[in-house]
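Inside the fold
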Amino acid sequence: MQGILDLPGTMAQSLQELATTMAFGRDPMPPPQLAPTPKDTVLRDGIAQLYRFRRPEGAPSATRRPLLVVPSMINRWYVLDLRRGNSFCEALAAAGIDAYLLDWGVPQDEDRYFTWDEAQDRLHRMVRAALRDSGADQLAIMGYCMGATLSTIYTALHPEKVCALVNLAGPIDFSKGGLLAHMVDRRWFDSSAVAAAGNVAPTQMQNGFSAMRPTLNLSKIVGYVDRMGSKSARDGFYAMETWGNDNIPFPAAAYETYITELYQKNNLVRGEHRVRGRVADLKNITCPILVIGAERDTICPLPAAQALIEHAGATDTSVFHVPGGHVGAVVGSKASKELYPQTAAWLRARLDA
């Protein structure tokens, strides 16, 4: 979730210049296209948009029901459509899945009062728009990171609209959240004080993630030197560093609820998390569930994600363990060979049921 630029001052600038020169300074080929999968905008809702991806020629017939992809609110959505060959959205469309995606947009200063409840309201409008546009009665939801937490809460509140739920590295039991949960423990972390200053800036969040692995940025540069002769490695390096430094603010009001209600009080698995006064009871989730966990994920450790199966009311449950970390598992070299086709096959079986 962080790139080489989340370093102070001139050091970040010099590393950026070094990365660009190393990747493409002497290469006649242009950098790879980011977010390459063709799509149409179905709905605009404030700063947010709903996209529908086009299935390529030769793809299988479209699924009976659509899929809504919900990324995190604090990262740009295109990590799920990073570049050709490393794009979850591209793979879903090629598998014939009628895929929509919620782009949360980039919050401005005036969005500091955007609440967690309003995020659920926006997600609900996007679900209704996807159902209306597709003509289906239900859809599947695949949430990534915080988007999986939001999607799980939504499914608990509106189980009649969701026919399958995919948790892609999203925390559910925050008591198992590892180092990140420890860092925001309420004994020493005051989320209201942070939120009082307005939206939480990308640099604030990046510095927190960097503190978990202080040498990560430099190690990426050192590791890249051994692979810089490969065009694929250069493309991947450029794409990841571009996305990793294209983070967006977290609306202050939503941030305070997320940290206090979920990380600090763990109210979701306690059965005490409310949206608009309604309890998000995980037992209400009876649709098929797929949990995808990364083996080296420090942002969302496997037990934090797998807790969804333990607390939900579903009987059709599956777990995929994939190699890599929180981001690498989704866009790494093995993702297109294992994660994408396995997930697409699981989804097709439920969307066409």
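Residues numbered from 1 in each chain as written. Predicted model: local features only at pLDDT ≥ 70, side-chain atom pairs only at ≥ 80, totals over all residues. Heavy atoms only, no water.

**As for the sheet that holds strand 10 (residues 317–322)**
Remark on secondary structure: sheet strands pair via backbone hydrogen bonds, oriented parallel or antiparallel. Within the open sheet, the eight strands sit side by side as 1-2-4-3-5-6-9-10. Their pairing is mixed. The outermost strands of the open sheet, each flanked by one partner alone, are strand 1 (39–45) and strand 10. Mean inter-strand twist for the sheet, computed between neighbouring axes without regard to direction, equals 20°. Pairing analysis gives six bridges linking strand 9 (residues 289–294) to strand 10, with the strands arranged parallel. Among the inter-strand pairings, I292 is bridged to a residue of strand 10, identified as F320. Against the sheet, helix 4 (residues 146–157) touches strand 3 (67–70), strand 5 (139–144) and strand 6 (162–168), its axis set at about 145° to strand 5. Helix-sheet contacts for helix 12 (residues 302–311) involve strand 6, strand 9 and strand 10, and the interaxial angle to strand 9 is about 175°. (Pairing = 2+ DSSP bridges. Helix = DSSP H or I, 4+ residues; strand = E, 2+ residues; numbered from the N terminus. Axes fitted to C-alpha atoms, helices over the stretch in contact; angles between N-to-C directions. Contact = heavy atoms within 4.5 Å.)

**Let's talk about the environment of R64**
Looking at where R64 falls in the secondary structure, it is placed in the loop between strand 2 (48–53) and strand 3. The spatial distance from the C-alpha of R64 to the C-alpha of R350 is 9.5 Å, given a sequence separation of 286 residues. Residues within four places of R64 in sequence aside, it is in contact with A136, L351, D352 and A353.

**Quick notes on empty space enclosed by the protein**
Enumeration over the complete set of coordinates arrives at three cavities of 30 Å³ or more. Of the voids in this model, the largest cavity is the one considered here, and its volume is about 60 Å³. Forming the walls of the largest cavity are 11 residues, and the residues nearest its centre are S72, N75, V79, Y144 and W243. Classifying every residue of the lining of the largest cavity by side-chain character gives seven nonpolar, three polar and one charged. Counted as a void, the second largest cavity has a volume near 40 Å³. Lining the second largest cavity, in full, are L168, A169, I292, G293, A294, D297, V322, G325, H326, A329, V330 and L339. Within the residue set of the lining of the second largest cavity, elements represented by two or more residues are strand 9 and helix 13 (328–331). When residues in the lining of the second largest cavity are grouped by element, the largest group, three residues, is from strand 9. In terms of residue class, the lining of the second largest cavity is made up of eight nonpolar, three polar and one charged. (1 Å grid on protein atoms, 1.4 Å probe; cavity = no way out; pocket = protein on both sides within 12 Å on 5 of 7 lines; lining within 4 Å. Points joined across faces, edges and corners; volume = space filled by probe spheres on them. Nonpolar A, V, L, I, M, F, W, Y, C, P; charged D, E, K, R; others polar.)

**Describing helix 3 (residues 116–134)**
Taking 1.5 Å of rise per residue, the 19 residues of helix 3 would be expected to cover 27 Å, and the 27 Å separating its terminal C-alpha atoms lies within 8% of that figure. Those residues of helix 3 that sit buried are W116, D117, A119, Q120, R122, L123, H124, M126, V127, A129, A130 and L131. Looking at the residues trailing helix 3, positive phi occurs at G135, about 80°. (Expected span 1.5 Å × (residues − 1). Buried < 20%, exposed > 50% of the residue type's maximum accessible area, 1.4 Å probe, protein only.)

**Points about the packing of helix 3 against helix 4**
Running from N to C, helix 3 and helix 4 cross one another at 75°; their axes reach a closest spacing of 10 Å. One way to sum up the angle between helix 3 and helix 4 is to call them roughly perpendicular. Contact residues: W116, A119, Q120, L123, H124 and V127 in helix 3; M146, L150, S151, I153, Y154 and L157 in helix 4. Residues belonging to the contact of helix 3 with helix 4 are distributed by class as follows: nine nonpolar, three polar and no charged. (Parallel < 35°, antiparallel > 145°, perpendicular 65-115°, else oblique.)

**What about the packing of aromatic side chains?**
In this structure the tally under the stated criterion is 10 aromatic pairs. Between F250 and Y258, the ring centres sit 6.0 Å apart and the planes meet at 50°, which makes this aromatic pair tilted. You can call F250 buried: its relative accessible area is 2%. Arranged with centres 5.5 Å apart and planes meeting at 85°, the rings of Y258 and Y263 form a pair that is edge-to-face. The pair Y258 / Y263 is uniform in exposure class, with both members buried. An aromatic cluster is present here, built from W116, F174, F250, Y255, Y258 and Y263 joined pairwise through their rings. (Phe/Tyr/Trp six-rings, centres within 6.5 Å; stacked < 30°, edge-to-face > 60°.)

**With respect to the side chain of H124**
Structurally, H124 can be placed in helix 3. Taking relative accessible area as the criterion, H124 reaches 19% and is therefore assigned buried. The residues touching H124, leaving out its near neighbours within four places in the chain, are Y154, H158 and K161.

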